[in-house]
Amino acid sequence: MAKDIVVGKIEPGCKKVDPILVADNVTRQFGGLTAVNVEHLEIPRGKITALIGPNGAGKTTLFNLLTGFDKPNTGSWQFEGKNLAGVPSYKVARRGMVRTFQLTKSLNAMTVIENMRLGAQKQVGENLFAGLVQMWRSQEARITQLADGLLARFKLDAKREDYAGSLSGGQRKLLEMARALMSEPKLIMLDEPMAGVNPALTQSLLEHIKGLKANGTTVLFVEHDMHMVRHISDWVIVMAEGKVVAEGEPGVVMKDQAVIDAYLGAHHDTDLGTMKKGK
Amino acid sequence: MDWIQTFNLTVGVILDPLTAAYILCAIGLSVHFGFTGLLNFGQAAFAAVGAYGMAIGYLTLKLPLLVAMGFALLCVVVFALILGVPTLRLRADYLAIVTIAASEVFRYLMATSAFKDVTGGSNGLSQFGYDFFDWNPIPVGKYEFGPFSWTEDQFWLRIFSFGLVAIATLLVWLMMRSPWGRVLKGIREDEDAVRSLGKNVFSYKLQSLIIGGLFAGMGGIVFVLSMSNVQPQTWVTNFTFMVWTVLLLGGAASMLGPIAGGMVFFALWVFVNEILAGMSNMGWLPFLDPAQVGQVRFILIGLALMLLVVFRPQGMFGNKKELRFNG
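Residues numbered from 1 in each chain as written. Chains lettered and ligands numbered in written order. Predicted model: local features only at pLDDT ≥ 70, side-chain atom pairs only at ≥ 80, totals over all residues.

What follows covers the overall build of chain B. Counting its regular elements, chain B contains 15 helices and four strands. The C-alpha radius of gyration computed for chain B amounts to 20 Å, which stays within 12% of the reference 20 Å derived for 327 residues, consistent with globular compactness. Looking at chain B residue by residue over its 327 residues, the buried ones come to 45%. In chain B, of all internal contacts separated by at least 6 residues, the share reaching a separation of at least 24 is 74%. (Helix = DSSP H or I, 4+ residues; strand = E, 2+ residues; numbered from the N terminus. Rg over C-alpha atoms; globule rule 2.2 N^0.38 Å. Buried ≥ 20, exposed ≤ 12 C-beta atoms within 10 Å, placed from the backbone. Contact = placed C-beta atoms within 7 Å.)

Right, dumping it as structure tokens:
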């Protein structure tokens, strides 16, 4: 299993058989605090990779840096072999690397279906002049069809015409994920997809994420829900104090002493499955 | 009190070209604020650039009037670029500060005696634009429609100015139902969300600033045509705040909002003035001398604006649901 993913020895920053994203020497300082200090990191293509670590480990900051929402002090990274450092966030998304946010950014004053349509890329009608002369009608119909398919998969089809603001927190998470998928990304980066999602939805969300992998999409996600991490991820990367401290298969890495020290702390002897939020 | 005169003035102002000028500025502001969320507190400057652009194009550059109008709109685009390129990367509230400052800078630039030969300094420019009435296809005569009574020139000016209002409204309607408009509405709520979906937010904000500015520029042109002059003191911040009141009264993110807002606002503006002046003349308002009526009107407008924002933020035509979900 690990042989499909890794070349050589399994260690923090190890080489992957087929990396989709490679980052080198990425640092970000906030004043005197070094939030991120990643020497080398590779994300395997076509797999589900979990990025875990205690609060303040720099996971979200790393997400922000890689997607162009924040600027690093140093560092370079390549997505599919092409440099992505210094590329503005909207171009990162156009290259096929789309993210969601820890604090859900559903557009609440728009309907669910309009949120979805906004996610589609290369829309003719998003040019002012083409928009004025109605050249976008046929493409809009295709986009709407794609959106309706995704909404049905995420069980949001009944909410199609509702304003996103009227959805529950969990449904907004689903909507944000579905909207990100409208662009048919190569790599989707989910920042805490389970936060605030009720247990009944959790199971279907896990299935959706597995479904993405089946469709050939690479998934990288940040999550505190160990149950989810263990359940669906092929690979786990552990960060602490801005650094990558461990990597490995979920079953192995969660028994790693460095991980237990950095992350699990006092809870290391309890069943990880019972650490779910709200319990 | 002369009720018939009060009625005629109140109704007459509804189709006044100056009302159309304010409506055009408010349509521009609806693109900026209503649909894109840009807090532009310098709409007076966009109108002033249009007004001065036309006057200077005509008087100094000796352009034919129609070409001078085109020149005016070009000036507006340049102004929007100068204002937008450095500031649209900033957060919304900074834009408000920069726009209000820019509009004052532009006004003082026009008023200063340094460029008196071109701008006319503090006296402004006058006695021009009569070619506009040479275009008038309407035969000489008196035109009466119910309470309205116009000469052929007055009629022509109203057709032109409200024609522009109709065209602007149609354009905004077409833009906002297109995917382009959808991106703007997304930006209004959360720029980062739209960025994460691969849209060049900066470019859209700049386009919005230019388009809304162009409508205001048209408003400035209408203003100048109806007055046959342009003066720096017209474009004070009060102008901007009146445009804001018109917009918020009608509804910031609605098609008919600016039109209805402008008509209701100016009808009330005139009506309140007539009533207060009449009562003051009859000695019913011992605490208010007739010369103060004008100021009291501004106090009432300020009060109305506050009440509007607190109790009916969506205005007359806005969609309450679009405002209800914030956060």
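From this point, things continue past the structure.
Quick look at the environment of Asp134(B) now. Residues and elements named next belong to chain B. Within the element layout of this structure, Asp134 appears in helix α7 (residues 131-134). Residue classification places Asp134 among the exposed residues on the basis of 7 C-beta atoms within 10 Å. Residues Asp134 and Gly34, spaced 100 residues apart in sequence, show a C-alpha to C-alpha distance of 38 Å.

Before going further, it helps to examine the sheet that holds strand β3 (residues 48-52) of chain A. Residues and elements named next belong to chain A. Pairing is mixed across the open sheet formed by six strands, whose spatial order is β6-β7-β8-β3-β9-β10. Looking along the sheet, the strands with just one partner apiece sit at the ends: β6 (97-99) and β10 (243-248). Between one strand axis and the next, the sheet turns by 20° as a mean value, whatever way the strands run. Bridging between β6 and strand β7 (residues 187-191) involves three bridges; their strand directions are parallel. From the neighbouring strand, Met97 faces β7, where its bridge partner is Leu187. (Pairing = 2+ DSSP bridges. Axes fitted to C-alpha atoms, helices over the stretch in contact; angles between N-to-C directions.)

Here helix α2 (residues 17-36) of chain B contains 20 residues, and its C-alpha end-to-end distance of 27 Å stays within 8% of the 28 Å for a straight helix at 1.5 Å per residue. Of all the bends in α2(B), the greatest, near 35°, is centred on Ser30(B). (Expected span 1.5 Å × (residues − 1). Bend = angle between axes of the 7 residues up to and from the residue.)

Contacts between the two partners involve 25 residues from chain B, matched on the other side by 29 residues from chain A. No other element matches the seven residues that helix α9 (residues 179-189) of chain B contributes to the side of chain B that touches chain A. Class assignment for the residues of the side of chain B that touches chain A results in nine nonpolar, six polar and ten charged. (Nonpolar A, V, L, I, M, F, W, Y, C, P; charged D, E, K, R; others polar.)

A separate point is the sheet that holds strand β4 (residues 74-79) of chain A. Residues and elements named next belong to chain A. Pairing is antiparallel across the open sheet formed by four strands, whose spatial order is β2-β1-β4-β5. A single partner strand is all that each edge strand has here, and the edge strands are β2 (33-44) and β5 (82-83). The sheet contact formed by β4 and β5 spans two bridges and is antiparallel. The residue of β5 that forms the bridge with Phe79 is Lys82. Taken strand by strand, helix α2 (residues 59-66) contacts β1 (19-30), β2 and β4, and its axis lies near 65° from that of β2.

Moving on, we come to the packing of helix α4 (residues 112-119) of chain A against helix α6 (residues 137-153) of chain A. Residues and elements named next belong to chain A. Here α4 crosses α6 at 115°, and the two axes come no closer than 9 Å. Between α4 and α6 the crossing geometry is right-handed. Here Val112, Ile113, Met116 and Arg117 of α4 come into contact with α6, specifically with Ile143, Thr144, Ala147, Leu150 and Leu151. Each residue belonging to the contact of α4 with α6 can be placed in one class, and the counts come to seven nonpolar, one polar and one charged. (Left-handed = near helix turned anticlockwise from the far one by under 90°.)

All right, on to the pairing of β3(A) then. Residue and element names in this part refer to chain A. Along β3, five of the five residues are buried, which leaves the element largely enclosed by surrounding structure. Residues of β3 alternate between two faces, with Ile48, Ala50 and Ile52 on one and Thr49 and Leu51 on the opposite face, all of them buried. Here β3 pairs with strand β8 (residues 218-222) via four bridges, running parallel. Bridging from a neighbouring strand, Leu51 pairs with Val222 of β8.

All names here are of chain A. Domain boundaries in chain A define domain 1 (2-106 + 185-275) and domain 2 (109-166). A straight line from the C-alpha centre of domain 1 to that of domain 2 covers 29 Å. The partner domain 2 presents six residues to the four residues of domain 1 that form the contact. The residue inventory of the side of domain 1 that touches domain 2, partitioned by class, reads no nonpolar, three polar and one charged. (Domains from an automatic or database assignment.)

What follows concerns the nonpolar core. Judged by nonpolar contacts, the single largest core of 162 residues is most densely connected at Ala178(A), Val238(A), Leu24(B), Ala48(B), Ala51(B) and Val243(B). Ranked by residues supplied to this core, first place goes to helix α11 (residues 201-227) of chain B with 14 residues. Here this core gathers at least three residues from each of two domains, domain 1 (2-106 + 185-275) and domain 2 (109-166) of chain A. Residues within four places of Ala178(A) in sequence aside, it is in contact with Met116(A), Leu150(A), Leu151(A), Phe154(A) and Leu156(A). (Core = buried A, V, L, I, M, F, W, Y, C linked by C-beta atoms within 7 Å.)

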